[in-house]
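Summary of structural features
As a plain string of letters, each chain reads:
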Amino acid sequence: MTDLRSDTVTQPTEGMLKAMFEAASGDDVYQEDPSVNELQEYTAQITGMEASLFMPSGCMANLTALYILGRRGNEVICHPLSHIMQHELASPAVIAGVLLTPVPGERGIITAEGIMPFIRRPDPLSSHTSLVSIENTANMAGGTCYDEPALQELRKLTEQEGIYLHMDGARAFNAAEAAGLSVGQMAGYVDSLTLCLSKGLGAPAGSMLCGKKEFIKEARRVRKLLGGGMRQAGYYAAAGLYALKHHTRRLAEDHLHARIIGEAVSQSSWGSLAAEPVETNIVIASVHRKSTEAVLQALKHLGVLAGPAGRNAVRFVTHLGLDRGMIDQASEIIKTLNI
Ligand SMILES: Cc1ncc(COP(=O)(O)O)c(C=O)c1O
């Protein structure tokens, strides 16, 4: 099977397993885990943000940012396809107590101009906007990225309006590679940033939440409130540190693989590319005539696993568990699939 369902399906590499095996660990709730502390310091250093916190998951990292910066009873602007809107079980409403305001934008990207009419200032009758959350790359839009001018405009607007800007950078390193920016440059435009270690970077679990020192101090409390305080987390932190040091520079390879898969989709009879060009490691294919399930089953039968992306689309995601031979073989199957 060639597993293109998600970049979360990766297994730790040999070097990563060795790093985990040799990791020093302590009780992280007491802030005594040296590997966690090292990972947090290293992440702050490479993002240029004041501090960072090791989180069990990307969902909890986003939720924590929304909990603190969204400020209960207020509104958070995001794209309708964003993960916080689609795939976090309404936790922004249920737990953080914020109202998500979906604002459309081409290819999953929201712009300063597009969100301006939706920003609500304090008045006696309405909730008001406290935060804008952007997703980079935009997963369900097809792994699309924000360019620097778009980030600059969003920063300018949110500063003018006195509201916060959060980036769900579950795949920020993919975005950085594709946009020709460093993660540090992207981080410079936002107040808080989520980075996932367990997606394209290949660690078994964990995400980082980054921001100012005061924000991270509060985030540590919120993480505990959500049940996310971890004890000997150093084994996972060591995997994360290894991923940050060894697995970011290879992401261009995943992007090339995704373009090959994208080309196969374009040449197929059953589907077409939902977002062109393919920018990073995600390919969304719109499905013609047949159901999503029928396409997924037919591909599976031939040894290719893909995932659903709504009613009439399937998603392919490339990652470090796949080599060029597997990609070429899968492309041939995708291209010639006849259903
Ligand atoms: C864009 C985006 N944000 C957040 C998450 C949540 O990450 P986790 O699965 O670690 O909770 C995901 C997971 O797929 C994602 O794609």
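Definitions and cut-offs
- Residues numbered from 1 in each chain as written.
- Predicted model: local features only at pLDDT ≥ 70, side-chain atom pairs only at ≥ 80, totals over all residues.
- Heavy atoms only, no water.
- Pairing = 2+ DSSP bridges.
- Helix = DSSP H or I, 4+ residues; strand = E, 2+ residues; numbered from the N terminus.
- Phe/Tyr/Trp six-rings, centres within 6.5 Å; stacked < 30°, edge-to-face > 60°.
- Lys NZ or Arg CZ within 6 Å of the ring centre and 35° of its normal.
- Core = buried A, V, L, I, M, F, W, Y, C linked by side-chain atoms within 4.5 Å.
- Buried < 20%, exposed > 50% of the residue type's maximum accessible area, 1.4 Å probe, protein only.
- Contact = heavy atoms within 4.5 Å.
- Axes fitted to C-alpha atoms, helices over the stretch in contact; angles between N-to-C directions.
- Disulfide = S-S within 2.5 Å.
- Expected span 1.5 Å × (residues − 1).
- Domains from an automatic or database assignment.
- Buried area = accessible area lost by both parts, 1.4 Å probe.
- Salt bridge = Lys/Arg side-chain N within 4 Å of Asp/Glu carboxyl O.
- 1 Å grid on protein atoms, 1.4 Å probe; cavity = no way out; pocket = protein on both sides within 12 Å on 5 of 7 lines; lining within 4 Å.
- Points joined across faces, edges and corners; volume = space filled by probe spheres on them.
- Nonpolar A, V, L, I, M, F, W, Y, C, P; charged D, E, K, R; others polar.

As for the sheet that holds strand β12 (residues 307–308)
- Across the sheet, which stays open at both edges, the four strands sit in the order β9-β10-β13-β12 with antiparallel pairing between neighbours. Lying at the two open borders of the sheet, with one neighbouring strand each, are β9 (271–273) and β12.
- As paired strands, β12 and strand β13 (residues 313–317) are joined by two bridges and run antiparallel to one another. Residue G307 lies in a different strand from β13, and its bridge partner there is R315.

A few points about the packing of aromatic side chains
- Across all of its chains, the model carries zero aromatic pairs by this definition.
- The ring of Y30 carries R231 above its face, with NZ or CZ at 6.0 Å from the centroid.
- Sitting over the ring of Y42, K245 keeps its end group 4.9 Å from the ring centre.

Overview of the nonpolar core
- Counting 50 residues, the largest nonpolar core has F54, I115, I134, M186 and L193 as the members making the most contacts within it.
- With six residues, the top contributor of residues to this core is helix α11 (residues 234–246).
- Setting aside chain neighbours within four positions, we find M186 in contact with N136, L151, M167, A172, A175, A176 and L181.
- I260, A285, V295 and L337 belong to the second-largest nonpolar core, a separate cluster that totals 26 residues.

Quick word on the sheet that holds strand β4 (residues 99–102)
- Spatially, the seven strands line up as an open sheet ordered β2-β8-β7-β6-β5-β3-β4, and their pairing is mixed. Only two strands of the sheet have a single neighbouring strand rather than two, namely β2 (51–55) and β4. The average angle at which neighbouring strand axes cross in this sheet is 20 degrees, direction not considered.
- As defined by bridge partners, strand β3 (residues 75–78) adjoins β4 across four bridges and the pair is classed as parallel. Bridging across to β4, V76 finds its partner in L100.

Overview of the state of the cysteines
- Per the counting criterion, the structure on display carries zero disulfides.
- The thiol sulfur of C78 is not disulfide-bonded, and the nearest other cysteine sulfur, from C59, lies at 14 Å.
- With no disulfide of its own, C145 lies 15 Å from the sulfur of C196, the closest cysteine sulfur.
- Residue classification places C145 among the buried positions, given a relative accessible area of 12%.

Considerations on helix α10 (residues 213–225)
- With 13 residues, α10 extends 19 Å from end C-alpha to end C-alpha; this agrees with the ideal 18 Å at 1.5 Å per step.
- When α10 is considered as a whole, its buried residues turn out to be F215, I216, A219, R220, V222 and R223.
- Buried residues belonging to α10 abut α2 (34–47), β2, α3 (58–69), β7 (192–196) and β8 (207–211).

So, the domain arrangement of the chain
- Here the chain is described as being made up of domain 1 (14–246) and domain 2 (250–336).
- Look at where the C-alpha atoms of domain 1 and domain 2 centre, and you get two points 27 Å apart.
- Each partner contributes residues to the interface: domain 1 has 18 residues there, and domain 2 has 16 residues.
- Each partner contributes to the roughly 1,400 Å² buried at the junction of domain 1 and domain 2, and carbon and sulfur atoms together form 53% of this total.
- For the domain 1 face of the interface with domain 2, the top three residues by lost area are R107, M140 and N174, together amounting to 33%.
- The interface formed by domain 1 and domain 2 holds one salt bridge in total.
- Among the ionic pairs, R107 bridges to E279, the shortest N-O distance being 2.4 Å.

Focus on empty space enclosed by the protein
- Overall, the coordinates contain two cavities of 30 Å³ or more when judged by the stated rule.
- Of the voids in this model, the largest cavity is the one considered here, and its volume is about 40 Å³.
- Around the largest cavity sit H79, L81, S82, G108, E135, A138, N139, M140 and A141, which together line it.
- Of the residues assigned to the lining of the largest cavity, the class counts are four nonpolar, four polar and one charged.
- When its volume is computed, the second largest cavity comes out at roughly 30 Å³.
- Taken together, C78, S82, I84, S133, I134, E135 and D168 form the lining of the second largest cavity.
- Broken down by element, the residue count for the lining of the second largest cavity peaks at three residues, all from strand β5 (residues 129–135).
- Of the residues that constitute the lining of the second largest cavity, the class distribution is three nonpolar, two polar and two charged.

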